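# Descriptive analysis of the structure
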Amino acid sequence: MGQVLIRNLDDETIAAYRLAAERHDRSLEAELRDVLRRFRPLSGDARAALGERMAAIRAMTPQVPQTPSDVLVRDDRDGARD
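On a predicted model such as this, the values are computed, not experimentally measured, just so you know.

We now examine the packing of helix H1 (residues 11-23) against helix H2 (residues 28-38). Put simply, H1 and H2 touch, their axes get as near as 8 Å, and they point 95° apart. As summarised for this structure, H1 and H2 are arranged roughly perpendicular, according to the angle between their axes. For the pair formed by H1 and H2, the contact residues are Ile-14, Tyr-17, Arg-18, Ala-20 and Ala-21 on the first element and Leu-28, Glu-31, Leu-32 and Val-35 on the second. Across the contact of H1 with H2, the residue classes tally to seven nonpolar, no polar and two charged.

Attention now moves to the pattern of salt bridges. Counted according to the given criterion, the structure contains seven salt bridges. Across the salt bridge formed by Arg-77 and Asp-78, the nearest N and O atoms sit 3.4 Å from each other. As far as burial versus exposure is concerned, Arg-77 and Asp-78 are alike and both exposed. Connected via shared salt-bridge partners are Arg-26, Glu-31, Asp-34, Arg-37 and Arg-38.

Reading guide: rules and limits
- Residues numbered from 1 in each chain as written.
- Predicted model: local features only at pLDDT ≥ 70, side-chain atom pairs only at ≥ 80, totals over all residues.
- Heavy atoms only, no water.
- Axes fitted to C-alpha atoms, helices over the stretch in contact; angles between N-to-C directions.
- Helix = DSSP H or I, 4+ residues; strand = E, 2+ residues; numbered from the N terminus.
- Parallel < 35°, antiparallel > 145°, perpendicular 65-115°, else oblique.
- Contact = heavy atoms within 4.5 Å.
- Nonpolar A, V, L, I, M, F, W, Y, C, P; charged D, E, K, R; others polar.
- Salt bridge = Lys/Arg side-chain N within 4 Å of Asp/Glu carboxyl O.
- Buried < 20%, exposed > 50% of the residue type's maximum accessible area, 1.4 Å probe, protein only.

Right under this line is the structure:
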């Protein structure tokens, strides 16, 4: 496994992660390792799979016609919705 050294972190950031580590009952290093693992960038395959999943969800949502905002404003101004 590799190692990474991050310099010049501000004290507030370190303090926030120390508190999170205490809440999770683990070391600061373990907390940071977990955060980096959970929020790592998606690989090409994972990104493609997520895109396909999102497209499938969008396909389940019925298309609803939308009225342009200028028409709604004009109707409201002219009292058409009273």
